[in-house]
Amino acid sequence: MEKKKQLIEQVKVVLNHLENNYSNKINSGALQLIYKRYKNALEILDNDKNIKDVNIVGGIRAYLDSYSDYENPLLGEMHKAEKLYQNL
C-alpha cells in the first residue's frame, strides 16, 4: 500500500509540473497525450480500479520524440513515476 501512495504522490507531482509549466501546451500534441495518461492514472489509483489499466510507461519517450529536450526536469519526475509503477 505504501508503494501505491508513493506512486499517487509522484503522479500528482508530474501533473502539477505539467499544469504549472505547460498549461498552454497540454491541449495538443505529445504533452496532451502525456497529461491525459497521468490524469487517467490518478483516477485509476484514487478509485482503486485495476492498476493494470495505468498507462504512463512510455511518456518519457513520447516527450523526447516530440521535443528533444533531454535536460527538462519534467523527465526526471516522469522517470520516478514510471519506476514506481513498474515496482508496484
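Residues numbered from 1 in each chain as written. Predicted model: local features only at pLDDT ≥ 70, side-chain atom pairs only at ≥ 80, totals over all residues. Heavy atoms only, no water.

**Quick word on the overall build of the chain**
Part 1: Per the secondary structure count, the chain includes four helices and zero strands.
Part 2: Taken along the three principal axes of its C-alpha coordinates, the chain extends 35 × 20 × 20 Å.
Part 3: Residues classed as buried in the chain amount to 39% of the 88 residues present.
Part 4: On the chain, roughly 5400 Å² of surface is accessible, and the fraction owed to carbon and sulfur atoms is 45%.
Part 5: Charge centroids of the chain, computed over 13 positive and 12 negative side chains, lie 3 Å from each other. (Helix = DSSP H or I, 4+ residues; strand = E, 2+ residues; numbered from the N terminus. Buried < 20%, exposed > 50% of the residue type's maximum accessible area, 1.4 Å probe, protein only. Areas by Shrake-Rupley, 256 points an atom, 1.4 Å probe, with all protein chains shown as cover. Lys, Arg positive; Asp, Glu negative; His and termini not counted. Charge placed at Lys NZ, Arg CZ, Asp CG, Glu CD.)

**Things to note about the packing of helix α3 (residues 59-67) against helix α4 (residues 73-86)**
Part 1: At a minimum axis distance of 9 Å, the contact between α3 and α4 shows a crossing angle of 155°. Here α3 is positioned roughly antiparallel relative to α4, judged by the angle of their axes. Contacts between α3 and α4 involve G59, I60, Y63 and L64 on the former and, on the latter, L74, L75, M78, H79 and E82.
Part 2: The residue inventory of the contact of α3 with α4, partitioned by class, reads six nonpolar, two polar and one charged. (Axes fitted to C-alpha atoms, helices over the stretch in contact; angles between N-to-C directions. Parallel < 35°, antiparallel > 145°, perpendicular 65-115°, else oblique. Contact = heavy atoms within 4.5 Å. Nonpolar A, V, L, I, M, F, W, Y, C, P; charged D, E, K, R; others polar.)

**Brief notes about the nonpolar core**
Part 1: With 26 residues, the main nonpolar core has L18, Y38, I56, Y63 and L74 as its most contacted residues.
Part 2: Those elements that provide at least two residues to this core are α1 (2-21), α2 (29-46), α3 and α4.
Part 3: Setting aside anything within four residues of it in sequence, one finds Y63 in contact with Y22, L31, I34, S68, D69, N72, L74 and L75. (Core = buried A, V, L, I, M, F, W, Y, C linked by side-chain atoms within 4.5 Å.)

**Quick word on the confidence of the model for the chain**
Reading predicted coordinates in detail is not appropriate for stretches of low pLDDT.
Part 1: For the chain, the mean per-residue pLDDT works out to 93, and 99% of the residues sit at or above 70.
Part 2: The element-level mean pLDDT for the chain is lowest in α3, coming to 93, with α4 highest at 96. (pLDDT = per-residue confidence, 0-100.)

**Thoughts on α3**
Part 1: All buried positions along α3 are accounted for by G59, I60, A62, Y63 and L64.
Part 2: Next to the buried residues of α3 lie α2 and α4.
Part 3: S68 sits one or two positions beyond α3 and adopts a positive phi of about 50°.

**Considering the packing of aromatic side chains**
Part 1: Here the structure, examined in full by the defined rule, presents one aromatic pair.
Part 2: A centroid spacing of 4.9 Å and a plane angle of 35° characterise the contact between Y63 and Y67, whose relative ring orientation is tilted. One end of the pair, Y63, and the other, Y67, are both in helix α3, four residues apart, so they sit about a helical turn from each other.
Part 3: Residue class for Y63 comes out buried when judged on its relative accessible area of 3%.
Part 4: On the basis of relative accessibility, which here comes to 34%, the residue Y67 falls in the partly exposed class. (Phe/Tyr/Trp six-rings, centres within 6.5 Å; stacked < 30°, edge-to-face > 60°.)

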